[in-house]
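# Chains, contacts and geometry: an overview
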Amino acid sequence: MRQISGAAIAQFAAMTSTEAVIAVSTTVSLVSPSISVDYRGVAVVASSVLLFYGLAIAGFALLQRWAPVPSGAIAVSSAGERCAFVYMLHFILLFNPLIFGRFMPFPLLGLVLRMLGLKMGQNSYCAGLVMDPPFVRIGDNSIIGNDAMLIAHVIEGDELGYYPIQIGNNVTVGARAIIMAGVTIDDGAIVGVQSVVKKGTHIRSGETWIGSPARRLDRAAGG
């Protein structure tokens, strides 16, 4: 894994420090006076954390508009690499605890993922773990099963890259399935429970894939 640069750490620290100061100062000035002394401390802390995360998500969304992480392989010491490092720091230190914590109801988690960049169509439901929301698109009427993982990044040795995952309409991804970077799943396809879809796989319309690594059902049945 590449070492995260000092410039990226400094940029992340500056962003989060500013957001924390705004969250705390705003909470102290607006919330604290209206709460009784007995509950003031808890109220200020809880409100500060909520506001901080709101500001952090908004700041992250703006950053992805102005300096998005590029798709594909990311060259060493490039501008894209610094964007990727700042992106990684946001998820490692701030957003992954939300995504992996499982303390939010799925509808609320889905809203947070959309705010972080996930594109998900109408009547679709995600009970899985989306590790790279800006690089994932899910169509209409699709289901991502419980504890399924969608992983759009590749971090292998010195290789670093982000490859979009495209999931069409009326797709079912079974519980605990793993969808790797660069996978495309066309309309009406099914990925079986605990299946692992390898990087760059294209599952075509109406196909069913199962296994680890996943294969099309007729091939899997044939051995």
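As a reminder, the structure under discussion sits directly above these lines.
Structural notes, computed from the coordinates. (Residues numbered from 1 in each chain as written. Predicted model: local features only at pLDDT ≥ 70, side-chain atom pairs only at ≥ 80, totals over all residues. Heavy atoms only, no water.)

## Some points on the nonpolar core
Selection criterion: Residues enter a nonpolar core if they are buried and are Ala, Val, Leu, Ile, Met, Phe, Trp, Tyr or Cys, with the set joined through side-chain atoms within 4.5 Å. The cut-offs for exposure are 20% and 50% of the maximum accessible area for each residue type, with area from a 1.4 Å probe on protein chains only; residues under the lower value are buried, those over the upper are exposed, and the others partly exposed. To qualify as a helix, a DSSP run of H or I must reach at least 4 residues; to qualify as a strand, a run of E must reach at least 2; elements of each kind are numbered from the N terminus. What makes two residues a contact is simply this: any of their non-hydrogen atoms within 4.5 Å.
Counting residues in each nonpolar core, the largest one holds 58 residues, and the members touching the most others are L150, Y162, I179 and I185. Listed by contribution, the elements that provide at least two residues to this core are α1 (6-30), α2 (37-66), α3 (79-101), α4 (106-115), β4 (129-130), β5 (136-138), β9 (159-162) and β10 (165-167). Once residues lying within four places of it in the same chain are set aside, the contact partners of I185 are Q166, I167, G168, V171, V173, I179, V191 and I203.

## Brief notes about the sheet that holds β9
The condition is simple: Strand pairing is assigned whenever DSSP detects at least two bridges linking the two strands.
Within the open sheet, the three strands sit side by side as β1-β9-β8. Their pairing is antiparallel. The open sheet has two edge strands with one neighbour each: β1 (72-73) and β8 (153-156).

## Overview of the environment of A61
Summarising the element assignment, A61 is placed in helix α2. Linking A61 and P134, residues 73 residues apart in sequence, is a C-alpha distance of 9.4 Å.

## Some details on unusual backbone geometry
Of note, the amide linkage connecting S212 to P213 takes the cis form, showing an omega dihedral of 0 degrees. Note on placement: P213 falls in the loop between β17 (208-211) and β18 (214-216). For S77, which is not glycine, the phi dihedral falls at a positive 65 degrees. In this structure, S77 sits in the loop between β1 and α3. Take S77: its relative accessible area is 65%, and that puts it in the exposed class. The residue N123 is not glycine, and still its phi comes out positive at about 60 degrees. Position of N123 relative to the elements: it lies in the loop between β2 (119-120) and β3 (125-126).

## Some thoughts on the pairing of β8
Where β8 meets β9, four bridges bridge the pair, whose relative direction is antiparallel. Bridge pairing links E156 to E159 in β9. In this structure, the hairpin formed by β8 and β9 is closed by a connection of two residues, where G157 is found at a positive phi of approximately 65 degrees.

## A few points about the packing of α1 against α3
Note the following rule: For helices, the axis comes from a line fit to the C-alpha atoms of the stretch in contact; other axes are also lines fit to C-alpha atoms, and the angle between any two N-to-C directions lies between 0 and 180 degrees. Roughly parallel means an angle under 35 degrees; roughly antiparallel, over 145; roughly perpendicular, 65 to 115; everything else is oblique. What makes a crossing left-handed is the near helix being turned counterclockwise from the far one by less than a right angle; a clockwise turn instead makes it right-handed. Think of it as three bins: nonpolar holds Ala, Val, Leu, Ile, Met, Phe, Trp, Tyr, Cys and Pro, charged holds Asp, Glu, Lys and Arg, and polar takes everything else, Gly as well.
At their nearest, the axes of α1 and α3 sit 9 Å apart, and the two run at 50 degrees to each other. When the interaxial angle is binned, α1 and α3 end up oblique. Read as a crossing pair, α1 and α3 show a hand that is right-handed. In contact with A7, A8, I9, Q11, F12, M15 and T16 of α1, α3 contributes R82, F85, V86, L89, H90, L93 and L94. Considering only residue class, the contact of α1 with α3 consists of 10 nonpolar, three polar and one charged.

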